[in-house]
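What follows is the residue order along each chain.
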Amino acid sequence: MTLLLAGDIGGTKTILRLVEVSNSLDLQTVYEETYRSGDFLDLVPLVQQFLSQANTPVPQRACFAIAGPVVNNTAKLTNLTWFIDTERLKQELSINSMCLINDFAAVGYGIFGLSKQDLLTLQPGKLQPEAPIGIIGAGTGLGQGFLIKQGNYYQVFPSEGGHADFAPRSELEFQILKYLLDKHNIQRVSVERVVSGQGIVAIYQFLRDRKLSSESPEIAQIVRTWEQEAGQQEKTVDPGAAIGKAALEGSDRLSLQTLELFVDIYGAEAGNLALKLLPYGGLYIAGGIAPKILPLIQKGTFLLNFSQKGRMRPLMEDIPVHIILNQQVGLIGAALRAARL
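Residues numbered from 1 in each chain as written. Predicted model: local features only at pLDDT ≥ 70, side-chain atom pairs only at ≥ 80, totals over all residues. Heavy atoms only, no water.

The line we're drawing: UniProt positions are given in the numbering used here, feature names are shortened, and annotations may be inferred rather than shown by experiment.
Looking at an unreviewed UniProt entry, the protein chain carries the name Glucokinase, with the source organism given as Umezakia ovalisporum FSS-62. Under the UniProt heading Subcellular location (unreviewed entry), the entry covering the protein chain gives this text: "Cytoplasm". Under Catalytic activity (unreviewed entry), UniProt gives the following word-for-word description of the protein chain: "D-glucose + ATP = D-glucose 6-phosphate + ADP + H(+)".

## Looking at the side chain of Thr258
Let me state the cut-off plainly: Elements are defined by DSSP. Helices are runs of H or I of four residues or more, strands are runs of E of two residues or more, and each kind is numbered from the N terminus. Side-chain atoms alone can form a polar contact between residues adjacent in sequence; in general such a contact is a pair of N or O atoms within 3.5 Å, and within protein one must be able to donate a hydrogen while the other accepts it. Contacts are assigned to residue pairs with any non-hydrogen atoms lying within 4.5 Å of each other.
Structurally, Thr258 can be placed in helix α8 (residues 253-277). Within the structure, Thr258 has its side chain in polar contact with the backbone oxygen of Leu254 (distance 2.8 Å). Beyond its immediate stretch of four places on either side in the chain, Thr258 contacts Ile200, Ile203, Tyr204, Leu207 and Ile243.

## Here we look at the UniProt feature "binding site: ATP" (unreviewed entry) in the protein chain
What counts, and what does not: The rule is simple: take the accessible area with a 1.4 Å probe, protein chains only, and divide by the maximum for that residue type; under 20% is buried, over 50% is exposed, in between is partly exposed.
As annotated in UniProt, the feature "binding site: ATP" (unreviewed entry) corresponds to Gly7, Asp8, Ile9, Gly10, Gly11 and Thr12 in the numbering used here. Mapped onto the secondary structure, Asp8 falls in strand β1 (residues 2-9). Assignment of secondary structure puts Gly10 in the loop between β1 and β2 (13-21). A residue is classified by how much of its surface remains accessible, and Gly10, at 14% relative accessible area, is buried.

## Thoughts on the pairing of strand β14 (residues 321-324)
Along any regular strand the residues' side chains alternate between the sheet's two faces. For clarity, the cut-off: Here the rule is simple: two strands pair whenever DSSP picks up at least two bridges between them.
Alternating positions in β14 separate into two faces, Val321 and Ile323 on one and His322 and Ile324 on the other, with burial throughout. By the bridge criterion, three bridges tie strand β13 (residues 283-286) to β14 in an arrangement that is parallel. Across the sheet, the residue bridging to Tyr284 is His322, located in β14.

## Details of the sheet that holds strand β10 (residues 133-138)
Where we set the bar: Angles run from 0 to 180 degrees between N-to-C directions of axes, and those axes are lines fitted to C-alpha atoms, restricted for helices to the stretch in contact.
The sheet built from six strands is open, its strands ordered β9-β14-β13-β10-β11-β12 with mixed pairing. Either end of the sheet is taken by a strand with one partner, and the two such strands are β9 (119-123) and β12 (153-159). The average undirected angle you get between the axes of adjacent strands in this sheet is 25°. Sheet analysis places strand β11 (residues 142-150) next to β12, joined by seven bridges and oriented antiparallel. Bridge assignment links Lys149 to a residue of β12, and that residue is Tyr154. Packed on one face of the sheet, α8 meets β10, β11 and β13 and runs near 155° to β10.

Structural data, given as structure tokens:
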């Protein structure tokens with residue numbers, strides 16, 4: 001057995017897990033803990049506290065999934081002052097074999113550690129085991145990436161596809177584009193501004209300001225509180241979550257319209273990625289939003305917009321599409337990546 005350290009490092013929280021791995025890459029969790037990232041000045045003292053609490057030998061290998069770009073084995077977290085350098089971590093933690101990977105790349109590796117219970121299949125398609133695999137995930141932002149098989153393993157490639165241009169397809173979506181251009185005084189709108197947690201709020205604001213439906217007092221208060229707290233690091237409300245909950249409960253017409261439009265655009269963007277990759281190895285929907293709004297995704301408009309690509313529709317209907325339900329897929333991926341060091 002080999003002892004591994006896996007980490008999911010975010011600006012708000014950090015999850016660390018010690019894992020024992022066998023030659024067959026069977027992972028067994030030994031110890032796990034979650035910390036508020038802001039309580040520590042650096043990753044090193046956080047990991048040192050974790051290892052002291054675990055009271056185990058020093059792990060032989062480690063992999064940390066970072067919420068941000070990884071360049072030359074270093075990373076700077078967006079919402080923290082942490083600067084993470086692999087060589088310094090190796091020295092100060094006495095771990096000889098270590099790597100940093102982007103958090104969405106960790107999702108790609110984590111796919112192979114999921115069970116059937118961790119997935120919900122929207123479209124079985126026609127699986128081709130040697131074909132590419134695609135991943136897309138709306139959460140705080142919009143992650144996109146892909147996997148290519150190389151020998152017995154898959155190589156994971158993250159991308160910045162979430163920052164590609166938002167492509168409206170209807171008069172209503174063109175109005176959203178114009179609304180966001182004017183509201184933010186910008187020259188272009190990335191798809192991430194629409195397909196993400198912030199996108200849910202943006203669609204709600206658009207529908208509200210165009211008076212396409214009336215607001216409920218409860219959701220209106222939450223959204224306005226969030227608008228007043230713009231620019232503050234700490235927010236007291238989560239309007240995206242409130243809108244999603246109200247939509248699922250059917251308690252607010254405007255929230256339901258917001259989520260229905262969001263699901264349509266999300267499906268279309270997933271289809272755009274699939275067109276570019278032809279991921280007959282599977283397209284996996286990751287991120288925190290999809291599992292929370294499953295009933296709306298399962299109604300069928302997500303897949304309808306996914307496959308509605310003109311004469312390419314028969315190709316789209318052959319692509320397996322799965323939703324990842326396990327929100328620790330990135331941590332699983334970090335452990336599997338550490339096992340391959």
